[in-house]
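# Residue-level structural notes
In case you want the letters, here they are:
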Amino acid sequence: MDTPILMPNLGNEIDEAQIDEWFKTEGDMVTEGEQVVLITTPKVTMEIEAPATGILKKILVPADELAAVGSTLGIIET
């Protein structure tokens, strides 16, 4: 089963954020609650946690790119 890593809602006036760094690479094991990706906006820097335990199957938005709120950043195979 695949579980998406989603860009969270960051506030009323923020529609997107930049992916600064992935702490894992494709094929790495991740644990639910573990920080997997660092994002930034002009107002906030935030670490996003893995929503499930499994293997980071695919990174859909690489570092230094922008992602919209609600978009899928990566996929965890559980």
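These lines cover the structure that appears in this document, whether it is placed above or below. The shown structure was predicted, so the numbers you read here are calculated from the model rather than taken from an experiment.

Here we take up the pattern of salt bridges. As enumerated under the stated definition, the model contains two salt bridges in all. As a salt-bridge pair, K57 and D2 come within 3.0 Å of each other at their nearest N and O atoms. Here the residue K57 occupies a position in strand β6 (residues 54-59), and D2 occupies one in strand β1 (residues 2-6), the gap between them amounting to 55 residues. Exposure remark for K57: the relative accessible area of 41% places this residue in the partly exposed category.

With that out of the way, let us pick up the sheet that holds strand β7 (residues 66-68). The strand order β5-β4-β2-β7 describes an open sheet built from four strands, whose pairing is antiparallel. In this open sheet, the two edge strands, each paired with only one partner strand, are β5 (45-49) and β7. Shown here is a sheet whose adjacent strand axes are inclined to one another by a mean of 40°, direction ignored. The pairing of strand β2 (residues 16-22) with β7 spans three bridges and is classified as antiparallel. Note that in β7 the partner of A17 across the bridge is A67.

Okay, a negative patch on the surface next. On the surface, E21, E32, E47 and E49 cluster together into a patch of negative charge. For E21, the location among the structural elements is in strand β2.

Moving on: the sheet that holds strand β8 (residues 72-77). What the four strands build is an open sheet, ordered β1-β8-β6-β3; its pairing is antiparallel. In this open sheet, the two edge strands, each paired with only one partner strand, are β1 and β3 (29-30). Two elements, β6 and β8, share four bridges in a ladder whose sense is antiparallel. Bridge pairing in β8 places K58 opposite I75.

Next up on the list: the nonpolar core. Formed by 19 residues in total, the largest nonpolar core has its most connected members in I5, M7, I19, W22 and L73. Looking at this core, the elements with two or more residues in it are β2, β4 (35-40), β6 and β8. Among all residues touching M7, those that are not within four sequence positions of it are A17, I19, I39, I48, A67, A68, V69, G70, S71 and L73.

Here we take up the environment of L6. Here L6 lies in strand β1. When its relative accessible area of 44% is taken as the criterion, L6 is described as partly exposed. Along the sequence, L6 and I76 sit 70 residues apart, while their C-alpha atoms lie 11 Å from each other. Sequence-distant contacts of L6, defined by excluding residues within four places in its chain, comprise I48, G70, S71, T72 and L73.

Rules used in this analysis
- Residues numbered from 1 in each chain as written.
- Predicted model: local features only at pLDDT ≥ 70, side-chain atom pairs only at ≥ 80, totals over all residues.
- Heavy atoms only, no water.
- Salt bridge = Lys/Arg side-chain N within 4 Å of Asp/Glu carboxyl O.
- Helix = DSSP H or I, 4+ residues; strand = E, 2+ residues; numbered from the N terminus.
- Buried < 20%, exposed > 50% of the residue type's maximum accessible area, 1.4 Å probe, protein only.
- Pairing = 2+ DSSP bridges.
- Axes fitted to C-alpha atoms, helices over the stretch in contact; angles between N-to-C directions.
- Patch = residues over 30% accessible without salt bridge, like charges linked within 9 Å, V, L, I, M, F, W, Y side chains within 5 Å.
- Areas by Shrake-Rupley, 256 points an atom, 1.4 Å probe, with all protein chains shown as cover.
- Lys, Arg positive; Asp, Glu negative; His and termini not counted.
- Charge placed at Lys NZ, Arg CZ, Asp CG, Glu CD.
- Core = buried A, V, L, I, M, F, W, Y, C linked by side-chain atoms within 4.5 Å.
- Contact = heavy atoms within 4.5 Å.

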